[in-house]
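# Structural description and commentary
Residues per chain are reported as follows:
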Amino acid sequence: MLSWEFPPRTVGGISPHVYNLSSHLARMGVDTYVVTCDFPGAPEYEEVNGVHVIRVDSYKTPSPDFATWDYLMNVNMQKEAATIISNLNGKVDLIHAHDWLVANAAIGLKHIFRIPLLATIHSTEIGRRNGLHTNYERMIHETEAWLAHEAWKVVCCSQYMVSHTRWAFGLPEDKVVMIPNGVNADVFKQEFKKQEFRSKFAEPDEKIILFVGRLVNEKGVHVLINAMPKVLARVNAKLVIVGEGGMKDFLKVQVNNMRLAHKIFFTGFLDEQSVRFLYQCADVCVVPSLYEPFGIVALEAMAAKVPVVVSDTGGLAEIVEHDKTGVKVYPNNVESLAWGITRVLLDPSYAEWIRSNADRKVREMYNWSKIAEKVKALYQSICDEYQHGSWKPT
Amino acid sequence: MRVIIFTWEFPPRIVGQLSHYVNKLAIDLVKKSVDTYVVTYHDSWIGYHQGVDGVKVYRVSNPVKSQINILTWVLNLNQEVERVAADIFYLTKREVDLIDVCDWHFTPAAVSLKRGLGIPFVFSIDSLEDHRSHGSSAPLNLSIKGLELLGVDEAERVLVKSEWMKQEVRRIYKTPLEKIEVVSPHSPAWIDEILIAYRKALGISPNLAS
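Okay, so let's go over this structure. Predicted model only: the values in this text are computed from it and were never measured. (Residues numbered from 1 in each chain as written. Chains lettered and ligands numbered in written order. Predicted model: local features only at pLDDT ≥ 70, side-chain atom pairs only at ≥ 80, totals over all residues. Heavy atoms only, no water.)

## Quick look at the sheet that holds strand β3 (residues 51–56) of chain A
Residue and element names in this part refer to chain A. Pairing within the open sheet is mixed, and its three strands lie in the order β1-β3-β2. Edge strands, defined here as strands with exactly one partner in the open sheet, are β1 (33–37) and β2 (45–48). Pairwise comparison of adjacent strand axes, ignoring direction, gives a mean angle of 30° for this sheet. Across four bridges, β2 lies against β3 in antiparallel orientation. Bridge assignment links glutamate 46 to a residue of β3, and that residue is valine 53. (Pairing = 2+ DSSP bridges. Helix = DSSP H or I, 4+ residues; strand = E, 2+ residues; numbered from the N terminus. Axes fitted to C-alpha atoms, helices over the stretch in contact; angles between N-to-C directions.)

## Thoughts on the environment of asparagine 89 of chain A
All names here are of chain A. Within the fold, asparagine 89 resides in the loop between α2 (66–87) and β4 (95–98). Its relative accessible area of 63% is what places asparagine 89 among the exposed residues. C-alpha of asparagine 89 to C-alpha of lysine 376: the two residues are 287 residues apart in sequence and 22 Å apart in space. (Buried < 20%, exposed > 50% of the residue type's maximum accessible area, 1.4 Å probe, protein only.)

## Describing the pattern of salt bridges
Taken as a whole and judged by the stated rule, the model has 40 salt bridges over all chains. Across the salt bridge formed by arginine 114 of chain A and aspartate 87 of chain B, the nearest N and O atoms sit 2.6 Å from each other. One end of the pair, arginine 114 of chain A, is in the loop between α3 (103–113) and β5 (117–120); the other, aspartate 87 of chain B, is in helix α2 (residues 70–91), on a second chain. In this structure, the salt-bridge partner of lysine 200 of chain B is glutamate 181 of chain B, at a minimum N-O distance of 3.3 Å. (Salt bridge = Lys/Arg side-chain N within 4 Å of Asp/Glu carboxyl O.)

## Structural notes on the interface of chain B and chain A
Taken together, the contact pairs 33 residues of chain B with 34 residues of chain A. The junction of chain B with chain A conceals about 2,800 Å² of combined surface from both sides, 62% of it contributed by carbon and sulfur atoms. Here chain B is connected to chain A by one salt bridge. Linking chain B with chain A are 15 residue pairs in polar contact (both at pLDDT 80 or more). (Contact = heavy atoms within 4.5 Å. Buried area = accessible area lost by both parts, 1.4 Å probe. Polar contact = N/O pair within 3.5 Å; in protein donor to acceptor, adjacent residues only side chain to side chain.)

## Some thoughts on the pairing of strand β4 (residues 56–60) of chain B
Residues and elements named next belong to chain B. Taken across its five residues, β4 has five buried, putting it largely inside the fold. Because side chains alternate across β4, one face comprises the buried residues Lys56, Tyr58 and Val60, and the other comprises Val57 and Arg59, equally buried. Sheet analysis places strand β2 (residues 35–41) next to β4, joined by five bridges and oriented parallel. Bridging from a neighbouring strand, valine 38 pairs with valine 57 of β4. Pairing of strand β3 (residues 47–50) with β4, which is carried by four bridges, proceeds in the antiparallel orientation. Bridged to glutamine 50 within β4 is lysine 56. Linkage of β3 to β4, two consecutive antiparallel strands, is achieved through a turn of five residues, within which glycine 54 is found at a positive phi near 85°.

If you want it as structure tokens, here you go:
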């Protein structure tokens, strides 16, 4: 399995996805190797829950831009992965790539060893950027299209992403498989001093409105901030914003200009455990994304038994059923978002109703054991097709 | 002996003098009974072609058409080069003796093929980034130098065309002089000297009669 991020290196949702998927696959007897980028303090090789994790030199010489860095990193990744596969006498049944960030290494390995390639496409450039405007964006888009073309099958985590990738890359229906993302509800069971932890973020009489995510345009944090005056007019609350991103300075200026610095708290990057505790302290978790291929944050909040308010868009629209497992609001709409948040905060019995429904749904549909079973079955069907084909070297 | 040459220019695509050089190399290798393949780039004339001179040429295009610099263009092309080289490998029942990489462009492909399939390679240097960029340390030039260093480090032998270049490779990349072979294209016994260098890279007797 190739991924540009794996814990402790966590940039976005791919890192926890690959961590959980690989752990469960290993538990089911799939001999799993993860090749990923290095991280300060993390060993070059370690075994994590039975998974062999190999961290490669992520290319530290200055490079002109992110994409060029990534392609250079792929040179190192492919070199190391080729050595690993060769040391295993080529006895690797399948290569599983996550997003374009490892496309080059994965495609090269596929051809060198003639091993089938499976690609999970978590999100697309055309979706992240809401169109393709520059050669840089087109280049990434075409790299994604190349990966999808070279892959035996493409996995997407929601029905929305299935139709989106089919449209974006012109993929036939039978090439794309929907296997949802998962969440591990057990991580929210750890005991902690709730009042003491909560007091670091809000006053006792303030409700906590939680946002977790990268601070970029597509996540819609600015819409949430704009909705705050309407919320505060009816409820005493504190908005806690967890995460980093290019829009952070812009958002802080926005908050200051609105005279809301005392009601909106930017925590910056928080470690995994603190985020988990914070979920359990929150009164509502808001996912105001403008574009969201899946929406793992909503799922984590549901698993932590926090009521969710989400934009009715992309993968979020599939996870949440309005008035049953959460509240759906119009994307990029301040009025609608404020209405959704106050509805949950002002009606405890309604909040309890969606919270318990959501909890049940997460356990039934989004647990990693079930998801890993589906992935393992897909691996098996690809390997069976491969065995009967003529591409396999003799 | 079966050799695959990697080059980013080969007739009819002519960027500089490397194209003519590689053409002459391939033709002369065929005359010496070397089964010679060339893997190169062309945007429109793609696929397999065997000329009257007996050189087998595979041309690949770039799977990613939109590019932002020479480096991304090259790095997206490498996997196509690997694909074709691996195809040759499997079609010839895994009997490819050596890859000759001409300049830096396809050193990543050669390294992966060496690590993955055990095909050794020689790195033939026509020109160096340090000279082309006048010693620039801009990120783009540094990255290209990084790929040259990768080639120099991982190759069995480095082939250069002059004594001066041999010293330059040592100066810039700290390469041991024993690893560098000087083969002048103007030498009367040029192709024999190339073959001797290939044989040294393969660890077999440099005596061509054996």
